[in-house]
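Residues per chain, in single letters:
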Amino acid sequence: MFIKTFSLSCRFIRHTHFIKRSIVTTIATSTEESSKTKKPIEKRNDLLAKRYIGLEKNIWVEFVALFAEHKAINVGQGFIDYAPPNFLINFYKEALDDNNILLHQYTRGFGHRRLVEAISNVYSSYFNRKIDPLNQILITGGACPSLFNSFHGFLNPGDEAILIEPFFDCYEPMVRSAGGIPRCIALKPKSESTKADISSSADWILDKNELESMFNSRTRLIIINTPHNPIGKVFTHEELEHIASLCQKHDVICISDEVYEWITYDENKKHIRMATLPNMWERTLTIGSAGKTFSSTGLKLGWTIGPEHLLRSCQIVHQDCVYTCPTLSQEVIARCFEYELERLNSPECYFNSISSEFLEKRNKLVEVLKECGMKPVVPDGGYFILADFSQIAGNKFQSDTHDMKDFKFVRYLAKEKQIGIMPVTGFYTSEHRHLADNYIRFCFAKKDETLDKAIEILRQL
């Protein structure tokens, strides 16, 4: 009896000590939490969600501000600095004066009815199938939101996404913020082209064996960009077929960024839509842009086209984020597509004439860059030119652990020469930046006055 009572007493004492320790721990934790909350919110450094840590820097934020501060001529950023086509402006005026007051209110969340029907009517012939306007087209606030919907709609933590470098700089942050793991493979120029005074964007290719090694059981999607930004490469049928075969073999979704689809310069290197390849419609989402299609980037309207079973995931992300896009802008772009549909096969169609508009500008800038001692990479599509500046920069600018050579050179040009150009290593992950630190990116979709001012500065270098 004594032993039993003693044993119970010991248990009681141990239990009491445990409770005391718990209370002390709780008080300490509460005190610690309390001290955290007492710290002024503006001085806390733990406010940013962890999924965005490491993604704080953005080249556009830095360089657009830098160009503005030093009044630099902006031939780096991808926008046209002259008026969009007259029909777009006229349709805007007509829409504003329209008696339909509902054009000033919310429209259908997944896309203004008139716009999705117009896109279906235009694109069905290019995709070789009738596109369902209500279930196979999603209107977004630009190509970037279309990309965001795609990454966040399909990637689970630990899923891998294959990115082809260089890439538009939002790809990697979007993949990481969705919990995905970027697996990156770089387009590399053929060795002989790097030695030439002038080369072609077609010389930048993927290593087939390296690409095949990127695919595994964790690969969820791959993103391709053709015509390509910043290189200007238009992927060939053979190159797309190889990517398509790997997607099918490993059951991978393809996100095809085709915002520069109408801008190509060689009849033998026309844009090919990934979704038109055999058995690829079922696993491809195609992304387009009104800003690039109609030379009016301020529209901030884009679209995703794809099969219903894929598009549904994008719709869910969209409805819980943006929900709907501006009605008036969608109405205007719908009228633009309807207008172009009527003259689709004529030379006057804007889709057919836009390349001619840029071709002379491209050739003019290529010649000047060559004159200046740079080595231009002539693009087959898009409106950007890469140029190797290493010969004119000499040893003055060198990459180090803190900064890349091209970043240093571009900052120098903006501050000292008042010309704004983009550094190309900003389109790479840290692993592959060394491949491009001799290159800078020019945008030639500018009015002649802007290009002439830029050329004058370049010739003085």
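Residues numbered from 1 in each chain as written. Predicted model: local features only at pLDDT ≥ 70, side-chain atom pairs only at ≥ 80, totals over all residues. Heavy atoms only, no water.

### Some thoughts on helix 11 (residues 308-319)
Heads up, the condition is: Counting from the N terminus, the helices are DSSP H or I runs at least four residues long and the strands are E runs at least two residues long. For a helix, the expected span equals 1.5 Å multiplied by the residue count minus one. Accessible area is worked out with a 1.4 Å probe on protein chains only. A residue is then buried under 20% of its type maximum, exposed over 50%, and partly exposed in between. Comment: arc refers to directions from the helix axis out to C-beta atoms. Here, residues are in contact when the closest pair of their heavy atoms is within 4.5 Å.
Between its first and last C-alpha, helix 11 extends 16 Å over 12 residues, near the 16 Å set by a 1.5 Å rise per residue. Regarding helix 11, the residues found buried are Leu-310, Leu-311, Cys-314, Gln-315, Val-317 and His-318. Summarising the axial view, the buried residues of helix 11 lie within an arc of 165°, below the 170-degree limit, and thus occupy one face. The elements touched by buried residues of helix 11 are strand 2 (137-140), helix 5 (143-154), strand 9 (253-257), strand 10 (284-289) and strand 11 (302-305).

### Considerations on helix 12 (residues 327-342)
Each α-helix winds once per 3.6 residues, and so residues spaced three or four apart point in a common direction. Under the 1.5 Å per step criterion, the end-to-end length of helix 12 is 23 Å for 16 residues, consistent within 8% with the ideal 22 Å. Where burial is concerned, most of helix 12 is hidden: 12 out of the 16 residues are buried. All buried positions along helix 12 are accounted for by Thr-327, Leu-328, Ser-329, Gln-330, Glu-331, Val-332, Ile-333, Ala-334, Arg-335, Cys-336, Phe-337 and Glu-340. Among the structural elements, helix 3 (86-97), helix 4 (113-127), strand 2, helix 10 (290-293), strand 11 and helix 13 (350-371) are those in contact with the buried residues of helix 12.

### Structural notes on the packing of aromatic side chains
Let me state the cut-off plainly: For this analysis, a ring pair means two rings from Phe, Tyr or Trp (six-membered ring only for Trp) whose centres lie within 6.5 Å, classed as stacked if their planes differ by under 30 degrees, edge-to-face if by over 60, and tilted for the remaining angles. Criterion for a charge above a ring: Arg CZ or Lys NZ at most 6 Å from the ring centre, at most 35 degrees from the ring normal.
This structure, assessed with the given rule, holds 33 aromatic pairs. Seen from their ring centres, Tyr-123 and Phe-127 are 6.1 Å apart, and the 55° between their planes marks the pair as tilted. Separated by four residues within a single helix, Tyr-123 and Phe-127 lie in helix 4, roughly one turn from each other. Accessibility assignment for this pair places Tyr-123 and Phe-127 in one class, buried. Aromatic side chains Trp-262 and Phe-351 sit 4.2 Å apart centroid to centroid with 10° between the ring planes, which places their arrangement in the stacked category. Here Trp-262 is found in the loop between strand 9 and strand 10, whereas its partner Phe-351 is found in helix 13, with 89 residues between them in sequence. Across the ring face of Tyr-265, the terminal group of Arg-362 is positioned such that the distance to the ring centre comes to 5.0 Å. Lying across the ring of Phe-79, Lys-446 places its NZ or CZ 3.7 Å from the centre.

### Remarks on the state of the cysteines
Heads up, the rule is: Disulfides are defined in this document as cysteine sulfur pairs within 2.5 Å.
Throughout the structure, instances matching the rule amount to zero disulfides. Cys-247 takes part in no disulfide bond, and the closest cysteine sulfur, belonging to Cys-254, lies 4.9 Å away. Using a relative accessible area of 0% as the deciding quantity, one classes Cys-247 as buried. In this structure Cys-443 is not part of a disulfide, and its nearest cysteine sulfur, from Cys-144, lies 16 Å away.

### Points about the environment of Arg-44
Short version of the rule: Distance and chemistry together define a polar contact, namely a pair of N or O atoms within 3.5 Å, with one atom able to donate a hydrogen and the other to accept it when in protein, and with adjacent residues in sequence counting only for side-chain atoms on both sides.
Tracing the backbone through its elements, the reader meets Arg-44 in the loop between helix 1 (2-38) and helix 2 (59-69). For Arg-44 and Ala-454, which are 410 residues apart along the polypeptide, the C-alpha to C-alpha distance reads 44 Å. One polar contact links Arg-44 to Asp-46, side chain to side chain, over a distance of 3.0 Å.

### What to know about a nonpolar patch on the surface
How we decide: A patch consists of residues exposed above 30% relative accessible area that lack any salt bridge, with like charges linked at up to 9 Å and nonpolar side chains (Val, Leu, Ile, Met, Phe, Trp, Tyr) linked at up to 5 Å. Areas reported here follow the Shrake-Rupley algorithm with a probe of radius 1.4 Å; residue values treat only the protein chains shown as occluding. Between Lys or Arg on one side and Asp or Glu on the other, a salt bridge is scored when a side-chain nitrogen of the former is within 4 Å of a carboxyl oxygen of the latter.
Taken together, the side chains of Leu-48, Tyr-52 and Ile-53 present a nonpolar region at the surface, about 270 Å² in accessible area. Looking at the element boundaries, Tyr-52 is found in the loop between helix 1 and helix 2. According to the relative accessible area criterion, Tyr-52 is partly exposed, its value standing at 30%.

### Observations regarding the sheet that holds strand 12 (residues 375-378)
Just so we agree on the cut-off: Pairing between strands requires that DSSP locate at least two bridges from one strand to the other.
One open sheet accounts for five strands, arranged 6-12-13-16-15; its pairing is mixed. What marks the edges here is a single partner per strand, and that holds for strand 6 (199-200) and strand 15 (422-423). As paired elements, strand 6 and strand 12 share two bridges and run parallel to each other. Bridged to Ser-200 within strand 12 is Val-378.

### Remarks on the domain arrangement of the protein chain
We count it as follows: Either an automatic procedure or a domain database provided the assignment from which the domain bounds are taken. Summed over both partners, the accessible surface that disappears when two parts come together, traced with a 1.4 Å probe, is what is meant by buried area.
According to the domain assignment, the protein chain consists of domain 1 (56-82 + 349-459) and domain 2 (86-342). Centre-to-centre separation of domain 1 and domain 2, based on C-alpha positions: 24 Å. Counting from both sides, the interface comprises 37 residues of domain 1 and, opposite them, 42 residues of domain 2. Here domain 1 meets domain 2 over a buried area of about 3,500 Å², counting both sides, of which 60% is carbon and sulfur. Taken as a group, Phe-351, Asp-380 and Phe-427 account for 23% of the area that domain 1 buries against domain 2, more than any other trio of residues on that side. For the pair domain 1 and domain 2, the number of links is one salt bridge.

### Focus on empty space enclosed by the protein
Rules: Method remark: on a 1 Å grid restricted to protein atoms, a set of points is classed as a cavity if a 1.4 Å probe fits but cannot get out and as a pocket if it is open with protein on both sides within 12 Å along at least five of seven lines; lining residues have an atom within 4 Å of a point. Grid points are joined across faces, edges and corners, and a volume is the space filled by probe spheres set on the points. Just so you know the grouping, Ala, Val, Leu, Ile, Met, Phe, Trp, Tyr, Cys and Pro go in nonpolar, Asp, Glu, Lys and Arg go in charged, and all remaining residues, Gly too, go in polar.
One pass over the structure, following the stated rule, counts two cavities of 30 Å³ or more. What the largest cavity holds in volume is close to 80 Å³. Along its surface, the largest cavity is lined by 13 residues, and Ser-193, Thr-194, Ser-199, Val-377 and Tyr-439 are the ones closest to its centre. Elements that contribute at least two residues to the lining of the largest cavity include exactly helix 7 (191-195) and strand 12. A per-element tally of the lining of the largest cavity places strand 12 first, with three residues. The residue makeup of the lining of the largest cavity, split by class, is seven nonpolar, three polar and three charged. Counting residues domain by domain, the lining of the largest cavity receives three or more from each of domain 1 (56-82 + 349-459) and domain 2 (86-342). Its volume calculated, the second largest cavity comes out at about 40 Å³.

### Re the side chain of Glu-258
Looking at where Glu-258 falls in the secondary structure, it is placed in the loop between strand 9 and strand 10. Within polar-contact distance, the side chain of Glu-258 engages the side chain of His-271 at 2.9 Å. If we skip the residues at most four places from it in the chain, Glu-258 touches Thr-226, His-271, Arg-273, Met-274, Thr-286 and Ile-287.

### Brief notes about the UniProt feature "domain: Aminotransferase class I/classII large" (unreviewed entry) in the protein chain
The cut-off we apply is this: UniProt positions are given in the numbering used here, feature names are shortened, and annotations may be inferred rather than shown by experiment.
Here, UniProt's "domain: Aminotransferase class I/classII large" (unreviewed entry) annotation points to residues 73-457. For the annotated span residues 73-457, helix accounts for 40% and strand for 17% of the residues, and the straight-line distance between the end C-alpha atoms is 10 Å.

### A few points about the environment of Pro-145
Position of Pro-145 among the secondary structure elements: in helix 5. Once the C-alpha coordinates of Pro-145 and Cys-314 are considered, the two residues, 169 residues apart in sequence, prove to be 9.8 Å apart.

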